[in-house]
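Chain and residue survey
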Amino acid sequence: MSQKPVYNTSNSIRRHVLAGLIIVLVLAGGVGGWAGTMTLSGALIAQGQVVVDSNVKKVQHPSGGVVGELERQAEPVNTVPDLHHRELLTPEQVRRLGHPDPRPSRGGGSEWTRVLRGCYIQRRRWEELTERQKCLGVHLAYLARARTPFVFSHTSAALFRDLSLLHLPDAVHISAEQRIACADPRVRVHRAPGIREHRRLLELRLPVTDTERTLLDCATGLPFDDAVVIADQILKGDVSRRDVLSLLDEGPRRRGSVTARRVFAFAGARSESVLESLGRIRLQRMAVPMPQPQVLVRTHRGRKYLDFGWPHLRFGLELDGKAKYFRDGDAGEAIYQERQRQLAIEEAGWVILRANWADVVGHPEQLEMRLVQALEQRARQLGVPVFPPPMLAGL
């Protein structure tokens, strides 16, 4: 009977291990040598942002059911730093940094942008700024080149005071005791005797008009809607309507004083946002009774306030801007809290109609139709007139 061969397993394992090590060393040496000797032709550095895979959240409708999928698109958060005045350079400063003269007449390249006459900034830096930051940059460029005493006034002063504006300033507005010659069409000079009394300095020694004069200049020089938005914000502070009216009455006769008086008569300190200010303006022009702003409703969850309310109908209008839901980043929690707030108000016997920026600004006529129908329906339910008796007497 033949004998079975005896295999030496330890020698076999040793041979396999040795072969594996040789393969690893050859690969490591080859790849490492290639990486150490290979020259890369170039690289590209770019900014990026990590986002979640799904940016959709289901939202519960206040009256029940699911609205669908509301895309969670908040206003993009601006992470670009504001422009610093040291970034605005004269042609001489640009040349001292080793760059060619930025002026097109001197063969300047495309890597520089002219902000104002005699002021340049790197084009890539300029293009990353928001429109508001660019507007501030134009103002800082004028400040850097100015040689005559002046103050920023009108909407330029409102911009530096960080007020919300319907429209950014169409020019750099400056006021001065004496006439200032300026050939740049983007600078508007206002001759204002006695303006020194209203001069204030903000950070970086920015000269601006005081709050009362800023409001007066805007109220006399802007359309009604723009002026009311600014007036609502300023009147929430320490400035009173009487202070600004005294400034108007005691000063020289001004163009736009009639509009300014209308603005001061209409503006108030109870608007909580630009959207609410515009809402009040639109409601005044509609065929509905003028509501009360910030109406108090006592609920089992405490005191709640409606943007606008008709107490005799127990009917409210809520204006929803994106900031309400995306201000703190957690839209889901904000929507849940708003849902609980609306339920509490409805349980107190109120009916709520909701509208947004597009309704108020883009389609006010459609909002008026919705509001008229809702108020009439509510009046029939309660058996009361849409217009309360004091209002009917004044019609």
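Anything mentioned here points back to the structure above.
Figured I'd write up the structure that's included with this text. (Residues numbered from 1 in each chain as written. Predicted model: local features only at pLDDT ≥ 70, side-chain atom pairs only at ≥ 80, totals over all residues. Heavy atoms only, no water.)

For the rest of this paragraph, the subject is the overall build of the protein chain. What the protein chain contains, in helices and strands, is 15 helices and 13 strands. Within the protein chain, counting contacts between residues at least 6 apart in sequence, those at least 24 apart form 57% of the total. As presented, the protein chain carries roughly 24,900 Å² of accessible surface, and 53% of it is formed by carbon and sulfur atoms. (Helix = DSSP H or I, 4+ residues; strand = E, 2+ residues; numbered from the N terminus. Contact = heavy atoms within 4.5 Å. Areas by Shrake-Rupley, 256 points an atom, 1.4 Å probe, with all protein chains shown as cover.)

The next subject is the side chain of Arg125. Tracing the backbone through its elements, the reader meets Arg125 in helix 3 (residues 123-127). Residue Arg125 is classed as buried on the basis of its relative accessible area, which comes to 11%. Among the polar contacts made by the side chain of Arg125, one reaches the main-chain carbonyl oxygen of Asp82 at a distance of 3.2 Å. (Buried < 20%, exposed > 50% of the residue type's maximum accessible area, 1.4 Å probe, protein only. Polar contact = N/O pair within 3.5 Å; in protein donor to acceptor, adjacent residues only side chain to side chain.)

Right, let's talk about the sheet that holds strand 11 (residues 302-310) for a bit. Spatially, four strands are ordered 10-11-12-13 in an open sheet, and the strand pairing comes out mixed. Bordering the open sheet on either side are strand 10 (292-299) and strand 13 (351-356), each of which pairs with just one other strand. Put simply, the sheet's adjacent strands are angled 50° from each other on average, direction ignored. Note: strand 12 (residues 315-320) against strand 13, six bridges, orientation parallel. The partner of Leu317 across the bridge, within strand 13, is Leu353. Packed on one face of the sheet, helix 12 (residues 331-347) meets strand 10, strand 11, strand 12 and strand 13 and runs near 80° to strand 11. Sitting on the sheet, helix 14 (residues 364-382) touches strand 11, strand 12 and strand 13, and the angle it makes with strand 13 is about 180°. (Pairing = 2+ DSSP bridges. Axes fitted to C-alpha atoms, helices over the stretch in contact; angles between N-to-C directions.)

This brings us to the nonpolar core. Ranked by size, the top nonpolar core spans 72 residues in total, and within it Tyr142, Phe152 and Leu371 carry the most contacts. Sorting elements by how many residues they give to this core places helix 7 (residues 224-234) first, with seven residues. Residue contacts for Phe152: discarding those within four places in its chain leaves His139, Tyr142, Leu143, Ala157, Phe160, Val172, His173, Ile174, Leu206, Pro207, Val208 and Thr209. With six residues, the next largest nonpolar core counts Val297, Ile345, Trp350 and Ile352 among its residues. (Core = buried A, V, L, I, M, F, W, Y, C linked by side-chain atoms within 4.5 Å.)

What follows deals with helix 12. Look at helix 12: 24 Å from first C-alpha to last across 17 residues, which is about the 24 Å you get at 1.5 Å a residue. Residues Ala331, Gly332, Ile335, Glu338, Gln340, Arg341, Gln342, Ala344 and Ile345 constitute the buried set of helix 12. Positive backbone phi, at 100°, marks Gly349, one or two positions downstream of helix 12. (Expected span 1.5 Å × (residues − 1).)

Now for the pairing of strand 10. Looking along a regular strand, one sees the side chains alternate between the two faces of the sheet. As judged from the seven bridges shared by strand 10 and strand 11, these two strands associate in the antiparallel manner. Across the sheet, residue Val295 finds its bridge partner in strand 11, namely Leu306. Here strand 10 folds back onto strand 11, and the loop between the two strands holds two residues.

Our next topic: the pattern of salt bridges. Under the definition given, this model contains 21 salt bridges. Of the charged contacts in the structure, one is a salt bridge between Arg254 and Asp217, with a shortest N-O distance of 2.8 Å. Of this pair, Arg254 sits in the loop between helix 8 (241-250) and helix 9 (257-266) while Asp217 sits in helix 6 (residues 211-221); the two residues are 37 residues apart in sequence, bridging distant segments of the chain. By relative accessible area, Asp217 is classed as buried at 1%. Glu338 is paired through a salt bridge with Arg354; the nearest N and O atoms lie 2.6 Å apart. Linking Glu338 in helix 12 with Arg354 in strand 13, this pair joins segments that are 16 residues apart in sequence. (Salt bridge = Lys/Arg side-chain N within 4 Å of Asp/Glu carboxyl O.)

On to the packing of helix 6 against helix 9. Close contact between helix 6 and helix 9 brings their axes to 7 Å; oriented N to C, the two are set at 115°. As far as their axial angle goes, helix 9 and helix 6 are roughly perpendicular. When the axes of helix 6 and helix 9 are compared, the crossing they make is right-handed. Between helix 6 and helix 9, the residues in contact are Leu215, Leu216, Ala219 and Thr220 and Ser257, Thr259, Ala260, Val263 and Phe264, respectively. (Parallel < 35°, antiparallel > 145°, perpendicular 65-115°, else oblique. Left-handed = near helix turned anticlockwise from the far one by under 90°.)

Turning our attention to the packing of helix 6 against helix 7. Put simply, helix 6 and helix 7 touch, their axes get as near as 9 Å, and they point 160° apart. Between helix 6 and helix 7, the crossing angle belongs to the class labelled roughly antiparallel. Once helix 6 is placed against helix 7, the crossing between them reads as left-handed. For the pair helix 6 and helix 7, the contacting residues are Thr211, Leu215, Cys218 and Ala219 in the first and Ala227, Ile230, Ala231 and Ile234 in the second.

Moving on to the packing of aromatic side chains. The final tally for this structure, using the stated rule, is five aromatic pairs. Members of the aromatic cluster, each reached through a chain of ring pairs, are Tyr142, Phe150, Phe152 and Phe160. Residue placement shows Arg262 over the ring face of Phe224; its charged tip is 4.3 Å from the ring centre. (Phe/Tyr/Trp six-rings, centres within 6.5 Å; stacked < 30°, edge-to-face > 60°. Lys NZ or Arg CZ within 6 Å of the ring centre and 35° of its normal.)

With respect to burial, strand 3 (residues 112-116) is a largely interior element, four of its five residues being buried. With four bridges joining them, strand 3 and strand 4 (residues 119-122) adopt antiparallel strand pairing. If you follow Arg114 over to strand 4, its bridge partner there is Tyr120. Linking strand 3 back to strand 4 in an antiparallel pair, the connection comprises two residues, with Gly118 at a positive phi of about 85°.

Here we come to unusual backbone geometry. Positive phi is not limited to glycine here, since Asp162 has a value of about 60°. Position of Asp162 among the secondary structure elements: in the loop between helix 5 (154-160) and strand 6 (172-176). On the basis of relative accessibility, which here comes to 62%, the residue Asp162 falls in the exposed class. Backbone geometry at Arg314 places phi at a positive 50°, although glycine is not the residue there. Along the chain, Arg314 falls in the loop between strand 11 and strand 12.

None of this, on its own, says anything about what the molecule does.
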